[in-house]
Amino acid sequence: MKLLIEKATNLPGIPKVVQELIASFSNEKVNSDRIAVILSSDQALSAKVLRIANSVRYGGHRKVGSIKDAVIVLGIDSLRTLVLSVGFVSTLKAPEGFNIKAFWLKSFKVANRCKWLAKSLKTDPEVAYTCGLLHAIGEYLIHLVKPEEAILIDKRVAKGENRSRLEQQLLGFDFAKAGSELADYWHFPQDIVTAIRWQEQPGAQEEPSGYASSILIAQYMLDNEAKIEQGIFDDFPAKLVHSLHLNLSALYVRMENMTDIDESIEEFLH
């Protein structure tokens, strides 16, 4: 898999600003001044970040006129997540036959739910959001390195076949494995790499990853919105939640009363 990534000549390079922000995840000494310096080095990216920082999604009640203002108003972690979101959407261009807008719309929805679940799962909300944002990045990679097979897989998945099983049969690996390898190649923290790898089987680990679990539950929430509104949880991954020592009834109540968390997603795509 790593060899495929290294040979992917059409894999876009990650902007230097985004690379430095990824590195800052593991730097406990990073401060607001350093984050501001990193962001200010890319004017185009900074302009997009400031536009979104002033949107309704981020409050909109206080004018954010500079990157330093954004650090103060949003906080380091939230601002870093925002920049990563904008940076990846701006950088990853659509391969032939790949609906990049639909890909990002779903990715942002999963990310929003992962962040929303952080309170229940006791995970860091911004790291959880990043896990959700990148959960399907392996699908993008497969379209880059195996375009013909990827288009065929998409067609069969649209008819109801299981994506992961199909990819294993036709490629020898699936999108979760590909995505975790790519996240590792980009030097994301191990928590994020692990979450992407085990998102479909978080219970397969001796100690289930809260971040991997959040992706699985977020996907369930997205696929079963109508049932959740009616209070129906017949196929909810309850066993996984119990293994995390969480209160299942309390989580159900939170889900039933969840307000709209996807407002202004389109802001990221312009």
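The rules behind these values
- Every residue gets a number counted from 1 within its own chain, in the order that chain's sequence is written.
- Whole-chain, interface and lining totals are the exception, using all residues; otherwise, since this is a predicted model, local features are given only for residues with pLDDT of at least 70 and side-chain atom pairs are given and counted only at 80 or more.
- Side-chain calculation: all heavy atoms of the structure are included, whereas hydrogens and water are not.
- Think of a salt bridge as a Lys or Arg side-chain nitrogen and an Asp or Glu carboxyl oxygen that are within 4 Å of each other.
- The helix and strand labels rest on DSSP assignments: H or I over at least four residues marks a helix, E over at least two residues marks a strand, and numbering proceeds from the N terminus.
- Relative accessibility thresholds used throughout: buried, under 20% of the residue-type maximum; exposed, over 50%; partly exposed, between the two (1.4 Å probe, protein chains only).
- Working convention: axes come from line fits to C-alpha atoms, limited for helices to the stretch in contact. Angles between N-to-C directions cover 0 to 180 degrees.
- We call two directions roughly parallel when the angle between them is under 35 degrees, roughly antiparallel when it is over 145, roughly perpendicular when it lies between 65 and 115, and oblique otherwise.
- Note on convention: near helix rotated counterclockwise from far helix by under a right angle means a left-handed crossing. Clockwise means right-handed.
- Throughout, a residue-residue contact means that at least one pair of heavy atoms, one from each residue, lies within 4.5 Å.
- Three classes are used: nonpolar for Ala, Val, Leu, Ile, Met, Phe, Trp, Tyr, Cys and Pro, charged for Asp, Glu, Lys and Arg, and polar for all others, with Gly counted as polar.
- One less than the residue count of a helix, multiplied by 1.5 Å, gives the span that helix is expected to have.
- Points on a 1 Å grid, built from protein atoms alone, make a cavity when a 1.4 Å probe fits but cannot get out and make a pocket when they are open with protein on both sides within 12 Å along at least 5 of 7 lines; residues with an atom within 4 Å of a point are the lining residues.
- Grid points are joined across faces, edges and corners, and a volume is the space filled by probe spheres set on the points.
- A pair of Phe, Tyr and Trp rings is counted when the ring centres sit within 6.5 Å of each other, with Trp represented by its six-membered ring. The angle between the planes then sorts it: under 30 degrees is stacked, over 60 is edge-to-face, the rest tilted.
- We call a charge positioned above a ring when the Lys NZ or Arg CZ atom is no farther than 6 Å from the ring centre and deviates by at most 35 degrees from the ring normal.

Within the structure shown, the criterion is met by 15 salt bridges. Measuring nitrogen to oxygen at the nearest pair gives 2.9 Å for the salt bridge that ties Asp77 to Arg80. With Asp77 and Arg80 both in helix H6 (residues 76-91), this residue pair falls three residues apart, about one helical turn. Since its relative accessible area comes to 8%, Arg80 is described here as buried. Note that Glu167 is salt-bridged to Arg163, the shortest N-O span being 3.7 Å. Of this pair, Glu167 and Arg163 both sit in helix H11 (residues 163-171), separated by four residues, roughly a single helical turn. Arg163 carries the same exposure label as Glu167, and that label is buried. Counted as one network, the salt bridges with shared partners bring together Glu139, Asp154, Arg163 and Glu167.

Running from N to C, helix H3 (residues 32-40) and H6 cross one another at 20°; their axes reach a closest spacing of 11 Å. When the axes of H3 and H6 are compared, the pair comes out roughly parallel. Crossing hand, H3 versus H6: left-handed. Residues Ser32, Ile35 and Leu39 of H3 form the contact with H6, whose participating residues are Ile76, Leu79 and Val83. Class assignment for the residues of the contact of H3 with H6 results in five nonpolar, one polar and no charged.

What follows concerns helix H10 (residues 147-158). End to end, H10 covers 17 Å across twelve residues, agreeing with the expected 16 Å (1.5 Å per residue, within 8%). Positive backbone phi, at 115°, marks Gly160, one or two positions downstream of H10.

This part covers helix H13 (residues 190-197). Residues Ile192, Val193, Thr194, Ala195 and Ile196 constitute the buried set of H13. Contacts from the buried residues of H13 go to helix H8 (125-133), helix H12 (175-185) and helix H14 (210-223).

What follows deals with the packing of helix H2 (residues 16-24) against H6. Between H2 and H6, the least distance of the axes is 10 Å, while the angle of their chain directions is 140°. Of the two possible hands of crossing, H2 and H6 adopt the one that is left-handed. Counting all contacts with H2, which are made through Val17, Val18, Leu21, Ile22 and Ser24, the residues of H6 involved are Arg80, Val83, Leu84, Gly87 and Phe88. The residue inventory of the contact of H2 with H6, partitioned by class, reads seven nonpolar, two polar and one charged.

Within the secondary structure layout, Thr81 lies in helix H6. When its relative accessible area of 4% is taken as the criterion, Thr81 is described as buried. Ignoring sequence-local partners within four residues, the contact set of Thr81 consists of Glu126, Tyr129 and Thr130.

Another aspect to go through is unusual backbone geometry. Phi at His187 is positive, roughly 70°, even though this residue is not glycine. As for its position among the elements, His187 is in the loop between H12 and H13. In this structure, His245 takes a positive phi of about 60° despite not being glycine. Secondary-structure assignment places His245 in the loop between helix H16 (238-243) and helix H17 (248-256).

This next bit is on the layout of surface pockets. In this structure, the largest pocket occupies an estimated 390 Å³ of space. Lining the largest pocket are 17 residues, with Lys106, Phe175, Glu200, Gln219 and Asp223 positioned closest to its centre. Every element with two or more residues in the lining of the largest pocket is listed here: H11 and H14. Ranked by the residues each element gives to the lining of the largest pocket, the list is headed by H14, at four residues. For the lining of the largest pocket, the per-class residue count stands at five nonpolar, six polar and six charged. By volume, the second largest pocket is sized at about 260 Å³. Taken together, 14 residues make up the lining of the second largest pocket; nearest its centre are Arg57, Asn112, Lys115, Tyr129 and Ile261. Sort the elements by how many residues they give to the lining of the second largest pocket and helix H7 (residues 100-121) lands first, with three residues. Of the residues assigned to the lining of the second largest pocket, the class counts are five nonpolar, three polar and six charged.

With that settled, consider the packing of aromatic side chains. By the definition in use, this model includes 13 aromatic pairs. Taken together, a centroid distance of 6.4 Å and an interplanar angle of 50° make the contact between Phe25 and Phe188 tilted. A residue pair is termed long-range when its members are at least 10 positions apart, and Phe25 in the loop between H2 and H3 and Phe188 in the loop between H12 and H13 qualify at 163 residues. Take Phe188: its relative accessible area is 5%, and that puts it in the buried class. Positioned over the ring face of Phe25 is Arg80, at 4.3 Å from the centre of the ring. Positioned over the ring face of Trp198 is Arg197, at 4.7 Å from the centre of the ring.

By themselves, these observations are geometric and do not establish any function.
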